[in-house]
Amino acid sequence: MAGFYGIVLSPKLKASKFWITIKITLLFKYMDAFAPVPPEWTNKAVHAYQFCCPNCRSTSLGATQVWINRRSPVMTEEHRRKWQEFYYCHCDYVWWAWSSDRPPSDLHNQQDCNSM
């Protein structure tokens, strides 16, 4: 089960003008990515050697469900921990990859809104 935002575009005819109303719908179902017990769907996961869905090439942002195996971390040669990250993709494919294989985020390069 996953939480996600959906944007629904619905056309409306009002006073002979065409209006588009954007309605943002929040559909949320309980999901705990850090649950100690793995969800059943993780049993069919396939190791993705690139950090994307092997079936449709979507990034982890395309996943509808996520579970991170924090119960049994693996130590790297640099004495850092890495975890298995499991993703249930929107294309119904289940994949996992190591947390250390995650590509760098560009979020740290974005300016803080308050600094302007």
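Reference entry: report on the structure contained in this document. Being a predicted model, the structure only gives us computed values, none of them experimental.

## Describing the packing of aromatic side chains
Piece 1. Scanning the entire structure with this criterion turns up seven aromatic pairs.
Piece 2. When the centroid spacing of 6.3 Å and the interplanar angle of 35° are considered together, the rings of Phe-86 and Trp-96 count as tilted. Of this pair, Phe-86 sits in strand 5 (residues 81–89) while Trp-96 sits in strand 6 (residues 94–98), and the two are 10 residues apart along the sequence.
Piece 3. Accessibility expressed as a relative area gives 8% for Phe-86, which makes it buried.

## Points about the nonpolar core
Piece 1. Ranked by size, the top nonpolar core spans eight residues in total: Ala-35, Trp-41, Trp-67, Phe-86, Tyr-88, Val-94, Trp-96 and Trp-98.
Piece 2. Residue assignment for this core shows that the elements contributing at least two residues are strand 5 and strand 6.
Piece 3. Of all the elements, strand 6 adds the most residues to this core, at three residues.
Piece 4. Counting seven residues, the second largest nonpolar core, distinct from the first, contains Ala-48, Phe-51, Tyr-87 and Cys-89.

Cut-offs used in this document
- Residues numbered from 1 in each chain as written.
- Predicted model: local features only at pLDDT ≥ 70, side-chain atom pairs only at ≥ 80, totals over all residues.
- Heavy atoms only, no water.
- Phe/Tyr/Trp six-rings, centres within 6.5 Å; stacked < 30°, edge-to-face > 60°.
- Helix = DSSP H or I, 4+ residues; strand = E, 2+ residues; numbered from the N terminus.
- Buried < 20%, exposed > 50% of the residue type's maximum accessible area, 1.4 Å probe, protein only.
- Core = buried A, V, L, I, M, F, W, Y, C linked by side-chain atoms within 4.5 Å.

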